[in-house]
Amino acid sequence: MRRQWLQPDWDPGLTVVQLPLEHLLDRGITSLLLDVDRTLLPGHDVRLPDAVMGWASAAQRHLRLHLFSNNPSRQRIQAVADQLGVSFTSGAAKPRRGALRRVLQELQVQPDELAIVGDRLFTDVLAGNRLGLYTVLVKPVKADGTPCPHDRVQRLERQLARLLGAEIR
């Protein structure tokens, strides 16, 4: 059976801040690749919201975190990574696989031990599915950790993915 490239493994309808870590740990996930813009940060600021910092601190007790962003600004993504004390990749060119392969080597993990968490089907989910990672689609986050109610891009991506055969709500 051919895998549906735009089908996330887990689409809980939550923001990253609301994700229960147990779900990931129960699947043998040891490391997380986290998208930055709209997944961890609601706007153009580089300061992580308190809700995101709290969730990331809890996640770091069990999982290795790596920021993985298409944003070309190394300085901006590094400023976010420094707040968490984690490694990062900027200008990742998702859904291309080259940067993902480098991170797999750097983290020394197998694809089934690594989850990618992001808010976009055509970058985050597609990239992860192309390498056999566990893919998690989250809602874009507001500063208080709750979902952004009017994300037109994710709504459009969901519609397009359904037209292409993905079973997305």
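Residues numbered from 1 in each chain as written. Predicted model: local features only at pLDDT ≥ 70, side-chain atom pairs only at ≥ 80, totals over all residues. Heavy atoms only, no water.

On the surface, Leu156, Leu160, Leu163 and Leu164 cluster together into a nonpolar patch covering about 430 Å² of accessible area. Here leucine 164 lies in the segment after α6 (152–163). Leucine 164 sits in the exposed class, given a relative accessible area of 55%. (Patch = residues over 30% accessible without salt bridge, like charges linked within 9 Å, V, L, I, M, F, W, Y side chains within 5 Å. Areas by Shrake-Rupley, 256 points an atom, 1.4 Å probe, with all protein chains shown as cover. Salt bridge = Lys/Arg side-chain N within 4 Å of Asp/Glu carboxyl O. Helix = DSSP H or I, 4+ residues; strand = E, 2+ residues; numbered from the N terminus. Buried < 20%, exposed > 50% of the residue type's maximum accessible area, 1.4 Å probe, protein only.)

Of all hydrophobic cores here, the largest spans 31 residues; its most connected members are Leu32, Leu34, Trp55 and Leu67. Looking at which element gives the most residues to this core, the answer is helix α2 (residues 50–60), with five residues. Filtering out sequence-adjacent residues up to four positions away, leucine 32 remains in contact with Leu24, Trp55, Leu63, Arg64, Leu65, His66, Leu114, Ala115 and Val117. In terms of nonpolar packing, the next biggest core, distinct from the first, is built from 14 residues, Leu33, Leu100, Leu107 and Ala127 among them. (Core = buried A, V, L, I, M, F, W, Y, C linked by side-chain atoms within 4.5 Å. Contact = heavy atoms within 4.5 Å.)

Looking at where leucine 41 falls in the secondary structure, it is placed in the loop between β1 (31–34) and α2. Dropping the residues within four chain positions of it, leucine 41 is found in contact with Val36, Val46, Arg47, Leu48, Pro49, Arg76, Val80 and Val141.

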